[in-house]
Amino acid sequence: MTLASTLPRSADHTRPNWLARLFDFKPFLIVVCLTPAIGLLLVFLTYPLGLGVWLAFTDTTIGRRGIFVGLENFQYLLSDPLWWSAVFYSVFYTAVATFGKFALGFWLALLLNNHFPFKSILRAIVLLPWIVPTVLSALAFWWIYDPQFSIISYLLVDVLHLRSTNIDFLGSPWPARFSLIAANIWRGIPFVAISLLAGLQTISPALYEAAMLDGATAWQRFRYITFPMMLPILAIVMTFSIIFTFTDFQLVYAITRGGPVNSTHLLATLAFQRGIAGGELGEGAAIAVSMIPFLVFATLFSYFGLARRKWQQGEAND
């Protein structure tokens, strides 16, 4: 009989194997859990972004491998009136639509935060514009803005008799621009309203009760309690709203395709037109890369909103 056979069998079970010890090692466990997510980000985010930046510095076209041309594409864009028109309308579109969505969305969130019958059903109805696919919403607005069959023109001309002719919403530059902004506001209000409603429900009712005991008016409660407490959430939601609005593509392309006379092009639709439809991949990538500074600005806006939250909590700002 050997010495190993005389040892108790329980000793083998009390000693953890190397695999169990490895998974008990916290850094290894973190790497294992993050590897799938990092792999997906590398494949679907980092690689396309890197390829787009590289193409922006080449003269690549569809069907032909380009060569490195440096800043030539960006120099051409600075002298292109259509690119400047797209920059102007992208900023104008984002500013006006974001302001409209936040004004109406915040007001709607304040209303939905009250207690009234069928509140849950109404909240579900408010989400419908956000749930409906963007292309279907765009087709609906395209019909609403149709110069012959517009429901708005029908109400103004045939029902109310306020006009003698139909309105051509998409036939002129500025009416078409404001028509797209109205469609974007309608679609974006639910996201803002529900997000801000979630933030409103985190505010303690005791704060409002104390303010009412001190004689604070509704405006004073909003100014000194609601708005300061909501500021970090407002910053984050506004950042996402700015990014979604500035990079909007489906709504604009499905309704106007950048017309009339290229007056409603955003940078995203112009990049598609030049890069895919026009075949100039390098120039289209340069237009897409030119959007990065605006997106960085939106991210910095969110950062300062979070810094405000740290100040409220009494933490030191770095």
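Just above sits the structure.
S.K.: Could you give me a rundown of the overall build of the protein, with the residues and numbers involved?
M.R.: Scanning the protein for helices and strands turns up 17 helices and zero strands. For the protein, whose C-alpha radius of gyration is 28 Å, the value lies well above the compact-globule estimate of 20 Å for 318 residues. In terms of overall dimensions, the protein has C-alpha extents of about 110 × 75 × 40 Å along its principal axes. Counting only residues that meet the buried cut, the protein has 35% of its 318 residues in that class. Contacts spanning at least 24 positions in sequence make up 67% of the contacts within the protein whose residues lie at least 6 apart. Accessible surface, the protein: about 19700 Å² in total, of which carbon and sulfur atoms supply 71%. Computed over 19 positive and 15 negative side-chain charges, the inter-centroid distance for the protein is 9 Å.

S.K.: An account of the packing of helix 6 (residues 81-112) against helix 13 (residues 218-246) is needed here, citing residue identities and associated values.
M.R.: Closest axis-to-axis distance for the helix 6/helix 13 pair is 10 Å, and the angle between their directions is 140°. Between helix 6 and helix 13, the angle falls in the class oblique. Our pair here, helix 6 against helix 13, has a crossing hand that is right-handed. Of the residues in helix 13, those touching helix 6 at S90, V91, Y93, T94, A97, T98, K101, F102, F106 and L110 are F222, T226, L234, V237, M238, S241, I242, T245 and F246. Broken down by class, the residue content of the contact of helix 6 with helix 13 amounts to twelve nonpolar, six polar and one charged.

S.K.: Describe in detail the nonpolar core, supporting the description with residues and values.
M.R.: In this structure, Y93, L196 and I255 are the most contacted members of the largest nonpolar core, which totals 36 residues. Only helix 6, helix 9 (134-144), helix 11 (173-200), helix 13 and helix 14 (250-255) provide two or more residues apiece to this core. Apart from residues lying up to four places away in sequence, I255 is in contact with A138, F141, W142, L170, L180 and A183. Residues L55, A56, F74 and A285 belong to the second largest nonpolar core, which totals 18 residues.

S.K.: I'd like a rundown of the packing of aromatic side chains, residues and numbers included.
M.R.: Within a pair of aromatic rings, the relevant descriptors are the distance that separates the centres and the angle that separates the planes. As enumerated under the stated definition, the model contains 24 aromatic pairs in all. Their ring planes at 20° and their centres at 5.9 Å tell us that F88 and F92 sit as a pair that is stacked. With a gap of four residues between them, F88 and F92 both fall in helix 6, about one helical turn apart. You can call F88 partly exposed: its relative accessible area is 42%. Ring plane angle 65° and centroid distance 5.2 Å describe the contact between F249 and F272, whose orientation is recorded as edge-to-face. Taken as a pair, F249 in the loop between helix 13 and helix 14 and F272 in helix 15 (residues 267-277) lie far apart in primary sequence, 23 residues in all. The exposure class assigned to F249 is partly exposed, which follows from its relative accessible area of 27%. In this structure, R177 packs its charged tip against the face of W174, placed 4.6 Å from the ring centre.

S.K.: Explain the pattern of salt bridges to me, and be specific about the residues and the numbers.
M.R.: Using the criterion set out here, one finds three salt bridges in the structure. For the salt bridge of R64 with D59, the shortest nitrogen-to-oxygen distance reads 3.9 Å. R64 gets classed as partly exposed once you look at its relative accessible area, which sits at 40%. Among the residues examined, D59 registers a relative accessible area of 26% and is labelled partly exposed. Connected via shared salt-bridge partners are D80, R274 and E283.

S.K.: Kindly report on helix 4 (residues 26-56), identifying the contributing residues and their values.
M.R.: In a regular helix each residue adds 1.5 Å, so 31 residues correspond to 45 Å; helix 4 covers 42 Å between its end C-alpha atoms and thus fits that length. L42 marks where helix 4 bends most, by close to 40°.

Analysis parameters
Residues numbered from 1 in each chain as written. Predicted model: local features only at pLDDT ≥ 70, side-chain atom pairs only at ≥ 80, totals over all residues. Heavy atoms only, no water. Helix = DSSP H or I, 4+ residues; strand = E, 2+ residues; numbered from the N terminus. Rg over C-alpha atoms; globule rule 2.2 N^0.38 Å. Buried < 20%, exposed > 50% of the residue type's maximum accessible area, 1.4 Å probe, protein only. Contact = heavy atoms within 4.5 Å. Areas by Shrake-Rupley, 256 points an atom, 1.4 Å probe, with all protein chains shown as cover. Lys, Arg positive; Asp, Glu negative; His and termini not counted. Charge placed at Lys NZ, Arg CZ, Asp CG, Glu CD. Axes fitted to C-alpha atoms, helices over the stretch in contact; angles between N-to-C directions. Parallel < 35°, antiparallel > 145°, perpendicular 65-115°, else oblique. Left-handed = near helix turned anticlockwise from the far one by under 90°. Nonpolar A, V, L, I, M, F, W, Y, C, P; charged D, E, K, R; others polar. Core = buried A, V, L, I, M, F, W, Y, C linked by side-chain atoms within 4.5 Å. Phe/Tyr/Trp six-rings, centres within 6.5 Å; stacked < 30°, edge-to-face > 60°. Lys NZ or Arg CZ within 6 Å of the ring centre and 35° of its normal. Salt bridge = Lys/Arg side-chain N within 4 Å of Asp/Glu carboxyl O. Expected span 1.5 Å × (residues − 1). Bend = angle between axes of the 7 residues up to and from the residue.

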